[in-house]
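Examining the three-dimensional arrangement
Chain by chain, the residues run as shown.
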Amino acid sequence: MEEVIERPAEKEIWKDEKPKRNEGTPVLLNEISPEEGKRIITPDLELNRVLGGGIVPGSLVLVGGEPGIGKSTLLLQLALHLNEKILYVSGEESEQQIKMRAERISGKNDELYISTEISIARLFKQVKQLKPDVLIIDSIQTLISDFVDSTAGSIAQIKECAGQLQRYAKESNVPVFIIGHINKEGYIAGPKILEHMVDTVLQFEGDRNYTHRILRTIKNRFGSTDEIGIYKMEGDGLKQVNNPSELLITHKDEPLSGVAIAATMEGMRPMLIEVQALVSPAVYGNPQRTTTGFDLRRMSMLLAVLEKRGGFAFGNKDVYLNIAGGLKVEDPAIDLGIACALLSSIEDVFLPMNLCFAAEIGLSGELRAVNRIEQRISEAEKLGFESIYISKHNLKSLNIKKYNIEIRSAGKMEEIYQQLFV
Ligand code: TYD
Ligand code: MG
């Protein structure tokens, strides 16, 4: 049984004698300043973006992710690049390990303090002395409060320590970042409850076989949850990727069959991705269907549409589909790109390299309108594509003259086939 021992008042050690807020006294709404305080704008544009425009004073930010994905690197890098007094608390690594990591990453902060304290009470004593501008906790699973009678990393400990950090952040107005490991079920360590206690939840994701990482806003009291930040993990730290499409399209010298480019959206960000398909005769009688980065059932649906409406015999073929770069895409607007990659492979006809696609495909082979079509077209134009195929239902809302890219449209998959493959 986890047991919470009664909480004496002197627990909040970090507090100065006189409280900043007149606790217990209600305040008139009219007298509250709407200003959230001046945000700290970091040199990391991706991080600023996912936070909704920089670090909010007094905010509690949870950074979650699987072990080894780069959470410590991200926050140590932030600490090294900020021009603030920072206390980086690591119960995970020794001072020497942190020093070695810092040496790999460029950046220099003369006011960066490292602590390996794991007792939250002793930690708050250090905080009281140091008065940092930003506090970073790596990780919440290593902190221990004496007020809870259970081991570090238990739900009760995480709740208690996060609660104390939350009160500290609110009352001192110091922003606090906490790292939390994600367990196998994909939840940020232990309880979902941690997500309710913080202002912002950022999730760091990526495939360890690839270098790029995505920092996704799951919750944000101070901004949109549709934001993502993109990084590349390199030998000397995480590099911002301000133009993701360039990372995701492998620039080839000559066109290849089975490859199509689709204009997708990741949150609010338009991105061009490369879809690769391989359709080959099934030798072992039992046709294989494999996808990487795309829903297998959705591909089966698209194959069924192509079979039924176009008469293509995928039934006795192996079909492999891959989104290049290790990205996982759920956006239905890449349907048309996928269908064209599949057709390009089965017909062994390559598509022009300067062409891309953005449309959803319905069960009768009709091309359906997709959201944020203007952004997708602009991104394609920006990257030098010469034409883009969209649904004719998206045309109505568009001012075609505005673009320097040829906008082609169709209503059905059959028309696309006639125009590109015959
Ligand atoms: P880390 O930040 O320790 O991950 P987490 O805190 O989420 O567990 O990052 C771990 C991986 O990143 C590790 O395998 C080494 C690699 N790495 C680099 O490739 N380049 C670097 O500059 C650094 C610091 C780490
Ligand atoms: Mg770590």
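Structural data are supplied above this passage.
What you see is a predicted model, and the numbers here were worked out from it, not measured in a lab.

**Side note on the overall build of the protein**
For the protein, the helix and strand inventory stands at 12 helices and 18 strands. Viewed in the frame of its principal axes, the protein has a C-alpha envelope of about 80 × 55 × 40 Å. In the protein, which comprises 422 residues, the proportion classed as buried is 50%. Considering only residue pairs separated by 6 or more positions, the protein has 68% of its internal contacts joining residues 24 or more positions apart. Surface summary for the protein: the accessible area is close to 20500 Å², and the carbon and sulfur share equals 50%. In the protein, which carries 50 positive and 59 negative side-chain charges, the distance between the mean positions of the two groups comes to 2 Å.

**Quick word on the layout of surface pockets**
There is about 790 Å³ of room inside the largest pocket. As for the largest pocket, its lining consists of 37 residues, of which E205, R216, E266, K328 and E330 are closest to the centre. Within the residue set of the lining of the largest pocket, elements represented by two or more residues are β6 (200-205), β7 (212-220) and β10 (259-266). Across the lining of the largest pocket, the residue classes break down as 10 nonpolar, 13 polar and 14 charged.

**What to know about a nonpolar patch on the surface**
On the surface, a cluster of nonpolar side chains totalling about 320 Å² of accessible area is made up of V27, L29 and I32. Tracing the backbone shows V27 in the segment before α1 (45-50).

**Here we look at the packing of helix α8 (residues 296-310) against helix α9 (residues 335-347)**
In the contact formed by α8 and α9, the axes pass within 10 Å of each other and the chain directions differ by 60 degrees. Classified by the angle between their axes, α8 and α9 sit oblique to one another. Once α8 is placed against α9, the crossing between them reads as right-handed. For the pair formed by α8 and α9, the contact residues are R298, L302, L303 and L306 on the first element and D335, I338, A339, L342 and L343 on the second. Of the residues that constitute the contact of α8 with α9, the class distribution is 7 nonpolar, no polar and 2 charged.

**Here's the deal with the site of ligand 1**
Around ligand 1 lies a shell of 15 residues, among which G68, S72, T73, E234 and G237 are the nearest. At 2.7 Å, a backbone N or O of G68 approaches an oxygen atom of ligand 1. Take E234: an N or O atom from its main chain is 2.6 Å from a nitrogen atom of ligand 1. When isolated, ligand 1 has an accessible area of 560 Å², and the protein chains bury 75% of it. Contributions of two or more residues to the shell around ligand 1 are made by α2 (71-81), α3 (95-104) and β8 (228-234). The leading source of residues in the shell around ligand 1 is α2, at 3 residues.

**Observations regarding helix α4 (residues 120-130)**
Taken together, the buried positions of α4 are I120, L123, F124, V127 and L130. Axial view of α4: buried residues confined to an arc of 125 degrees, hence all on one face. Away from its buried face, by an angle of more than 90 degrees, α4 presents the exposed residues K125 and Q129. Buried-residue contacts for α4 involve β2 (86-90), β3 (112-115), β4 (134-138) and α5 (155-172). K131 sits one or two positions beyond α4 and adopts a positive phi of about 50 degrees.

Criteria and cut-off values
- Residues numbered from 1 in each chain as written.
- Chains lettered and ligands numbered in written order.
- Predicted model: local features only at pLDDT ≥ 70, side-chain atom pairs only at ≥ 80, totals over all residues.
- Heavy atoms only, no water.
- Helix = DSSP H or I, 4+ residues; strand = E, 2+ residues; numbered from the N terminus.
- Buried < 20%, exposed > 50% of the residue type's maximum accessible area, 1.4 Å probe, protein only.
- Contact = heavy atoms within 4.5 Å.
- Areas by Shrake-Rupley, 256 points an atom, 1.4 Å probe, with all protein chains shown as cover.
- Lys, Arg positive; Asp, Glu negative; His and termini not counted.
- Charge placed at Lys NZ, Arg CZ, Asp CG, Glu CD.
- 1 Å grid on protein atoms, 1.4 Å probe; cavity = no way out; pocket = protein on both sides within 12 Å on 5 of 7 lines; lining within 4 Å.
- Points joined across faces, edges and corners; volume = space filled by probe spheres on them.
- Nonpolar A, V, L, I, M, F, W, Y, C, P; charged D, E, K, R; others polar.
- Patch = residues over 30% accessible without salt bridge, like charges linked within 9 Å, V, L, I, M, F, W, Y side chains within 5 Å.
- Salt bridge = Lys/Arg side-chain N within 4 Å of Asp/Glu carboxyl O.
- Axes fitted to C-alpha atoms, helices over the stretch in contact; angles between N-to-C directions.
- Parallel < 35°, antiparallel > 145°, perpendicular 65-115°, else oblique.
- Left-handed = near helix turned anticlockwise from the far one by under 90°.
- Near = heavy atom within 4 Å.
- Polar contact = N/O pair within 3.5 Å; in protein donor to acceptor, adjacent residues only side chain to side chain.
- Arc of directions from axis to C-beta.

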